[in-house]
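Single-letter residue listing:
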Amino acid sequence: MDLLQWLERTFGVIQPHRDFLKRPLPPRVGYAYCLGGVALCAALLSALTGMLLSLYYVPSAREAYQSVVLIHQELRLGWLVRSTHKWSGNVLIVFILLHTIRVVVSRAYRPPRELNWVAGALSFLVVLAMGFTGYLLPWDQRAYWATVVGTSMASTVPVVGESLVYLLRGGDEVGGVTLIRFYSLHVLWLPLMLLLLLWAHFHMVKRLGIAAEL
Ligand code: HEM
């Protein structure tokens, strides 16, 4: 018995996926149905480049800026990894929007896929939150003031607004604690949430199949 067979006997994940890939698609499925897949590729690319950046990035108010300069200017291909991370995040947002338009146009949000719409919408919110938290990490003037303005918007929430701003910033002002908080959200909390939501999203796509008729 070779290694793959032995693993398959234990995990049993290959055969169900083979069967899934052989399932026929409904008619009219075309390029527009690949938009979610492109979004997934962009998400994977940003995860990979993010993991590479985390090898050198230092999430402290003293060293964050210098560590980004080091990555961008001194490390071999560091500029490419950093730029790819930034652009794959933007591409991800564009393709999520295009994918959502496809789902709306083909009315795939209707039952029995309503929960998959909810899982998708929540993933979009998490992706936006990843963009917002990531923007602070270079710790330069633009990042700092964007976060001051962005977090202050939370104060417009009725009743809990001020407490929300305090919670987001980890204090009255944007500072070192905010940087660590945003870093933790960006690399740990939000990616874990996204992973769970996307697992649910794909599980439902597999179970329910692609919506057939308009
Ligand atoms: C990171 C974000 C997302 C990724 C990677 C993703 C990925 C995918 C993929 C690969 C599919 C299979 C069919 C296709 O590609 O069109 C799909 C289906 C679906 N997605 Fe998403 N999606 C995301 C966000 C969203 C959002 C924001 C919504 C709506 C608010 C949504 C709603 C749906 C629905 C309802 C289906 C089932 C469509 C059908 O059966 O025809 N997704 N998604």
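To be clear, the structure that these remarks concern was listed above.
Thresholds applied
Residues numbered from 1 in each chain as written. Predicted model: local features only at pLDDT ≥ 70, side-chain atom pairs only at ≥ 80, totals over all residues. Heavy atoms only, no water. Core = buried A, V, L, I, M, F, W, Y, C linked by side-chain atoms within 4.5 Å. Buried < 20%, exposed > 50% of the residue type's maximum accessible area, 1.4 Å probe, protein only. Contact = heavy atoms within 4.5 Å. Helix = DSSP H or I, 4+ residues; strand = E, 2+ residues; numbered from the N terminus. Donors = N, O, S within 2.8 Å, 3.2 Å for Na, K, Ca; no water. Near = heavy atom within 4 Å. Polar contact = N/O pair within 3.5 Å; in protein donor to acceptor, adjacent residues only side chain to side chain. Nonpolar A, V, L, I, M, F, W, Y, C, P; charged D, E, K, R; others polar.

Asks: Got a sec to walk through the nonpolar core? Specific residues and values, please.
Replies: Of all hydrophobic cores here, the largest spans 13 residues; its most connected members are Y57, A64, L136, L137, W139, V174 and L179. For V174, the residues in contact, after removing those within four places along its chain, are L136, W139, Y144, T147, V148, T151 and R169. Judged by nonpolar contacts, the second largest core, of 12 residues, contains A39, L92, I96 and M130.

Asks: Before we move on, could you go through helix α4 (residues 64-74) and cite the residues and values that matter?
Replies: Listed in full, the buried residues belonging to α4 are A64, S67, V68, V69 and I71. Buried residues belonging to α4 abut α3 (35-53), α5 (78-105) and α9 (176-208).

Asks: Describe the coordination of the iron atom of the ligand, and please don't skip the residues or the numbers.
Replies: When a metal holds four donors in a tetrahedron, each ideal angle between them is 109.5 degrees; when it holds six in an octahedron, the ideal angles are 90 or 180 degrees. For the iron atom of the ligand, the full set of protein donor atoms is H99 (NE2) and H201 (NE2), and the range of their distances to it is 2.0 to 2.1 Å. According to the relative accessible area criterion, H201 is buried, its value standing at 13%.

Asks: So what's going on with the site of the ligand? Which residues, and what values?
Replies: As a matter of local geometry, the ligand sits amid 24 residues, with Y33, H99, R102, H201 and A211 nearest to it. R102 places a polar side-chain atom, nitrogen or oxygen, 2.7 Å from an oxygen atom of the ligand. The backbone of A211 places a nitrogen or oxygen atom 2.9 Å from an oxygen atom of the ligand. For the shell around the ligand, the class distribution of residues is 14 nonpolar, eight polar and two charged.

Asks: Residues and numbers for the side chain of H201, please.
Replies: Within the element layout of this structure, H201 appears in helix α9. If we skip the residues at most four places from it in the chain, H201 touches H99, N116, A119 and G120.

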